[in-house]
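# Summary of structural features
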Amino acid sequence: MTDRHGRGADLAVGTTEARGLAVTRVVGEVDLAGVDLVRAELDAQLARRPPVLVVDLTEVTILGSLGIAALLDAHHRAVAVGVRFTVVASRRSVVHPLELTEVDRVLTVVPSLDQVVIG
């Protein structure tokens, strides 16, 4: 995983291959200070066009509105290029904003990587 830090924010973003999936793992706070790092990693992965791109937010402590917008943008771009896009989130601080904004109705959100359906 590549650690990236922006303006004092504690954020790590990186992508690995797991079970044939491209898994972008985000750790820390996804807010104004860190959202560009998340966007850059998702852009890089979408440029590769993996069959499935999973964004693992299980270790995200804060998901702000800009983070939600980045996920939606990546989802729409993934659909346009034929990449399946799934978000893994289990913390209330991440799941609750997705539910409040009804983004969970647009994105595929599952509570664990084990629940990502391949195929």
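Described below are features of the structure shown in this document.

So, on to the pairing of strand β1 (residues 11-18). Where β1 lies against strand β2 (residues 21-30), eight bridges are found, and the strand directions are antiparallel. Paired with Thr-15 across the bridge in β2 is Thr-24. The hairpin formed by β1 and β2 contains two residues between the paired strands, and Arg-19 there has a positive phi angle of roughly 50°.

With that out of the way, let us pick up helix α1 (residues 35-48). The end-to-end C-alpha distance of α1, which contains 14 residues, comes to 20 Å, matching closely the 20 Å that a straight helix rising 1.5 Å per residue would cover. Among the residues of α1, those classed as buried are Val-35, Leu-37, Val-38, Glu-41, Leu-42, Gln-45 and Leu-46. For α1, the angular spread of the buried residues around the axis is 165°, confining them to a single face. Residues of α1 that are exposed and angled more than 90 degrees away from the buried face: Asp-36 and Ala-47. With its phi angle positive at about 55°, Arg-49 sits one or two positions after the end of α1.

Criteria and thresholds
Residues numbered from 1 in each chain as written. Predicted model: local features only at pLDDT ≥ 70, side-chain atom pairs only at ≥ 80, totals over all residues. Heavy atoms only, no water. Pairing = 2+ DSSP bridges. Helix = DSSP H or I, 4+ residues; strand = E, 2+ residues; numbered from the N terminus. Expected span 1.5 Å × (residues − 1). Buried < 20%, exposed > 50% of the residue type's maximum accessible area, 1.4 Å probe, protein only. Arc of directions from axis to C-beta.

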